[in-house]
Amino acid sequence: MKKTLIALAVAGAAVATGANASELYNQDGTSMTIGGRAEARMSIQDGDVSDASRVRVNFLGKQEITDSLYGLGFYEAEYTTNDESSTSSDQDTLDSRYIYAGLGGSFGQVTYGKQDGAFVAVTDFTDIMDAHGGNASQELAIAGDHIDNMLAYTGSFGDLSVNATYRFADRDDDPVSGDATSYDDNALDGYAVSGIYNFADTGLAFGLGFAQQHGKLGATAGDNDSSAMQYLAAVSYTQDALYLSAMYTNKNFDDTNNDYEGYEVAGQYTLDKTVFIATYNSGDKDDSTSKVNDLALEVAYMFKPNVKAYIDYDFNFVTGDEAANAVNGSEDEAMLGLRYDF
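Residues numbered from 1 in each chain as written. Predicted model: local features only at pLDDT ≥ 70, side-chain atom pairs only at ≥ 80, totals over all residues. Heavy atoms only, no water.

Caption draft 1: Inspection of the overall build of the protein chain at higher detail. When helices and strands are counted, the protein chain shows two helices and 20 strands. By the burial criterion, 40% of the 342 residues in the protein chain qualify as buried. Long-range pairs, those at least 24 residues apart, make up 53% of the contacts in the protein chain with a sequence separation of at least 6. Put simply, the protein chain shows about 17,500 Å² of open surface, and 55% of that area lies on carbon and sulfur atoms. (Helix = DSSP H or I, 4+ residues; strand = E, 2+ residues; numbered from the N terminus. Buried < 20%, exposed > 50% of the residue type's maximum accessible area, 1.4 Å probe, protein only. Contact = heavy atoms within 4.5 Å. Areas by Shrake-Rupley, 256 points an atom, 1.4 Å probe, with all protein chains shown as cover.)

As structure tokens, this is what we get:
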């Protein structure tokens, strides 16, 4: 039992803090690790340059409670700077990406706070680039990255891993009813589930996900009666230096009857210390209010496992009248980066 708990704890630490995380302390059942990255990034669009550099720092603490139970807490922050930007939204920002705590054991891990929804484990099949790609999945607000007010469960059972998340509606402490003893909420709640199955030593993996959401982002409390559902499926194949993957998703809001369909394909090949990556992303909503159509290419050189340089170019094929509805605008973008993981 204790060996199983240790394996779960190590796996959780690797996912949360990254493979290069450093252990600061480990004694008497208490451990603390630190991880993160420093990444210099130059974004080039239409001949103009913008600083997209960032730093991420995270801490993972674990405490053995009994032989069959442990507690954990995780925090990650990201700092970006672009002091000379003409828009205030592009200047210095500090974002708390993850803040959660929970309990774990042989049953898996249960956490609450700001964390990833259940879809992220599946969208990661094709979201493999440093700067681009991974933008056609368009996850529901309760199923994607960095969602607060979230209760999550993760578990691993042999070749099968499962994720389940529930996002609570946000309480409004200024109730619209005028009754000081009552409260309202924004009705943005829902759940997501996903599973990934690895077929032993074949290199094949399949992922499936489903989410049901009540309410929309941006709607006011007491006026958020729409609902939506989304399906997600992905497959990947790994053979030595080659990695191939594909993802398909379908999303529907019942108040508009507009389906969104998106798919992504991705490939990666590693030749010694050089990594070649290509992804294609396509997505469209029936009313054309959400459009994705791009091809991204990347070449990265690994000086060391934790130090790499890369050039990433995104060919954006959304043009003309469709540009107003493009998820990522209509301009091509080149990204030059140097990344150090710690």
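Read on for the rest.
Caption draft 2: Quick look at the pattern of salt bridges. Scanning the entire structure with this criterion turns up 11 salt bridges. For the salt bridge of E39 with R54, the shortest nitrogen-to-oxygen distance reads 2.8 Å. Of the two residues, E39 is situated in strand β2 (residues 30–45) and R54 in strand β4 (residues 54–66); the sequence distance between them amounts to 15 residues. One exposure class covers both E39 and R54, and it is buried. E76 is the salt-bridge partner of R97, the closest N and O atoms lying 2.6 Å from each other. Pair noted here: R97 is in strand β6 (residues 93–105) and E76 is in strand β5 (residues 69–80), with a separation of 21 residues, a long-range link. When its relative accessible area of 7% is taken as the criterion, E76 is described as buried. Each of D130, K308, R339 and D341 takes part in one network of salt bridges that share partners. (Salt bridge = Lys/Arg side-chain N within 4 Å of Asp/Glu carboxyl O.)

Caption draft 3: Just the environment of A101, in detail. Inspection of the secondary structure puts A101 in strand β6. Between the alpha carbons of A101 and G71 there is a distance of 7.6 Å; along the sequence they are 30 residues apart. With near-sequence residues (within four places) excluded, A101 lies in contact with L72, G73, V110, T111 and Y112.

Caption draft 4: A look at the side chain of N149. With respect to the helices, strands and loops of the structure, N149 is situated in strand β8 (residues 147–157). Among the polar contacts listed, one links the side chain of N149 to the backbone oxygen of A169, at a separation of 3.5 Å. Within the structure, N149 has its side chain in polar contact with the side chain of D170 (distance 3.3 Å). When residues no more than four places from it in sequence are discounted, the contact partners of N149 are Y112, G113, Y166, R167, F168, A169 and D170. (Polar contact = N/O pair within 3.5 Å; in protein donor to acceptor, adjacent residues only side chain to side chain.)

Caption draft 5: The arrangement of the packing of aromatic side chains in detail. Scanning all chains against the criterion turns up 12 aromatic pairs. Where F74 meets Y98, the ring centres are 6.0 Å apart and the plane angle is 55°; that geometry is what we call tilted. One end of the pair, F74, is in strand β5; the other, Y98, is in strand β6, with 24 residues separating them in the sequence. On the accessibility criterion, F74 (4% relative accessible area) is buried. Looking at Y98, the relative accessible area reads 12%, which means it is buried. (Phe/Tyr/Trp six-rings, centres within 6.5 Å; stacked < 30°, edge-to-face > 60°.)

Caption draft 6: Focus on the pairing of strand β19 (residues 307–316). Every second residue of β19 is oriented toward a common face, the buried set being K308, Y310, D312, D314 and N316 and the non-buried set V307, A309, I311, Y313 and F315. In the sheet, strand β18 (residues 291–304) pairs with β19 via 10 bridges, with the strands oriented antiparallel. Residue pairing across strands places K304 opposite V307, the latter belonging to β19. From the end of β18 to the start of β19, which pair antiparallel, there are two residues. Taken together, the eight bridges between β19 and strand β20 (residues 333–341) define a ladder with antiparallel strand orientation. Within β20, the residue paired with D312 across the bridge is M335. (Pairing = 2+ DSSP bridges.)

Caption draft 7: Representation of the environment of D189 in the model. Among the secondary structure elements, D189 is positioned in strand β12 (residues 189–198). A polar contact of 3.3 Å, which involves the side chain of D189, links it to the side chain of Y166.

Caption draft 8: Summary view of the confidence of the model for the protein chain. For the protein chain, the mean per-residue pLDDT works out to 86, and 81% of the residues sit at or above 70. Mean pLDDT in the protein chain bottoms out at helix α1 (residues 2–17), which sits at 43, and peaks at strand β7 (residues 108–115), which reaches 98. Below pLDDT 50 for its whole length, residues 1–16 participates in 28 contacts with residues either more than four positions away or in separate chains. (pLDDT = per-residue confidence, 0-100.)

Caption draft 9: The arrangement of a nonpolar patch on the surface in detail. A surface patch of nonpolar side chains, about 840 Å² in accessible area, is lined by M42, V49, L242, L244, Y269, L271, F276, V299, I311 and L336. You can see F276 is positioned in strand β17 (residues 274–285). For F276, a relative accessible area of 37% puts it in the partly exposed group. (Patch = residues over 30% accessible without salt bridge, like charges linked within 9 Å, V, L, I, M, F, W, Y side chains within 5 Å.)

Caption draft 10: Layout of the side chain of T126. Position of T126 relative to the elements: it lies in the loop between α2 (120–123) and β8. Residues contacting T126, with those up to four places away along its chain left out, are S245, A246, M247, E264, A266 and T279.

Caption draft 11: Quick look at the nonpolar core. In this structure, F119, F125, A143, A192 and A211 are the most contacted members of the largest nonpolar core, which totals 17 residues. Counting residues per element, the ones that place at least two in this core are β12, β13 (204–214), β14 (227–239) and β15 (242–253). Those residues in contact with F125 that lie beyond four places of it in its chain are I196, A205, F206, G207, A234, V235, S236, Y243 and S245. Within the second largest apolar cluster, eight residues are counted, among which are V275, A296, A300 and M335. (Core = buried A, V, L, I, M, F, W, Y, C linked by side-chain atoms within 4.5 Å.)

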